[in-house]
Amino acid sequence: MVKTFQAYLPNCHRTYSCVHCRAHLANHDELISKSFQGSQGRAYLFNSVVNVGCGPAEERVLLTGLHAVADIFCECCKTTLGWKYEHAFESSQKYKEGKYIIELAHMIKENGWDNDDRP
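- The name given to the protein in an unreviewed UniProt entry is Protein yippee-like, with Priapulus caudatus as the source organism.
- UniProt, in the comment section headed Sequence similarities (unreviewed entry), describes the protein in these words: "Belongs to the yippee family."

This is the structure:
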């Protein structure tokens, strides 16, 4: 059996990890917005992520209009986490292109969070 390579983010930074297997997913510095809605509730928009694979892109009508998105999954446990915006058809949504949505249901905070920091 082949083990998937896993990237580790520095311990000195606040990070988000997969709630299912604890693989690192994103550094807090890569967080763009907490104001997104996923299929299972609240979600965060990130500039970049690690330990994530992408499925094929497909067109979907989301709350903000038509987008081409690809489901993303944890490379370690294969859980679907959210999606990547491949293309936005409306000019006001172009800032999302190349960015990642991860649903809060699949993330846990690790490394240096205060007890008052809540998702």
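Quick look at the pattern of salt bridges
Piece 1. Within the structure shown, the criterion is met by five salt bridges.
Piece 2. Its salt-bridge partner being Lys-94, residue Glu-97 comes within 3.3 Å of it at the nearest N-O pair.
Piece 3. Residue class for Glu-97 comes out partly exposed when judged on its relative accessible area of 27%.
Piece 4. A relative accessible area of 34% places Lys-94 in the partly exposed class.
Piece 5. Among the charged side chains, a network of salt bridges with common partners joins Glu-58, Arg-60 and Asp-71.

Some points on the environment of Lys-34
Piece 1. Note on placement: Lys-34 falls in strand S3 (residues 31-38).
Piece 2. With 67 residues separating them in the primary sequence, Lys-34 and Ile-101 have C-alpha atoms 9.8 Å apart.

A short note on the state of the cysteines
Such a bond, covalent and formed between the sulfur atoms of two cysteines, is termed a disulfide.
Piece 1. Under the definition given, this model contains zero disulfides.
Piece 2. Of all cysteine sulfurs in the structure, the one in Cys-74 sits closest to Cys-76, which takes part in no disulfide; the separation is 4.6 Å.

Details of the nonpolar core
Piece 1. Residues Tyr-44, Phe-46, Leu-81, Ile-102 and Met-107 are the most contacted members of the largest nonpolar core, which totals 16 residues.
Piece 2. Of all the secondary structure elements, the ones that give two or more residues to this core are strand S1 (15-18), strand S2 (24-27), strand S4 (41-46), strand S6 (65-74) and strand S8 (100-103).
Piece 3. Here Leu-81 is in contact with Cys-18, Leu-25, Val-52, Ile-72, Phe-73, Cys-74, Ile-101, Ile-102, Glu-103 and His-106, once residues within four sequence places are set aside.
Piece 4. Counting residues in hydrophobic clusters, the runner-up holds seven residues, among them Ala-43, Leu-45, Trp-83 and Ile-101.

The rules behind the values
- Residues numbered from 1 in each chain as written.
- Predicted model: local features only at pLDDT ≥ 70, side-chain atom pairs only at ≥ 80, totals over all residues.
- Heavy atoms only, no water.
- UniProt positions renumbered as here; feature names shortened; annotations may be inferred.
- Salt bridge = Lys/Arg side-chain N within 4 Å of Asp/Glu carboxyl O.
- Buried < 20%, exposed > 50% of the residue type's maximum accessible area, 1.4 Å probe, protein only.
- Helix = DSSP H or I, 4+ residues; strand = E, 2+ residues; numbered from the N terminus.
- Disulfide = S-S within 2.5 Å.
- Core = buried A, V, L, I, M, F, W, Y, C linked by side-chain atoms within 4.5 Å.
- Contact = heavy atoms within 4.5 Å.

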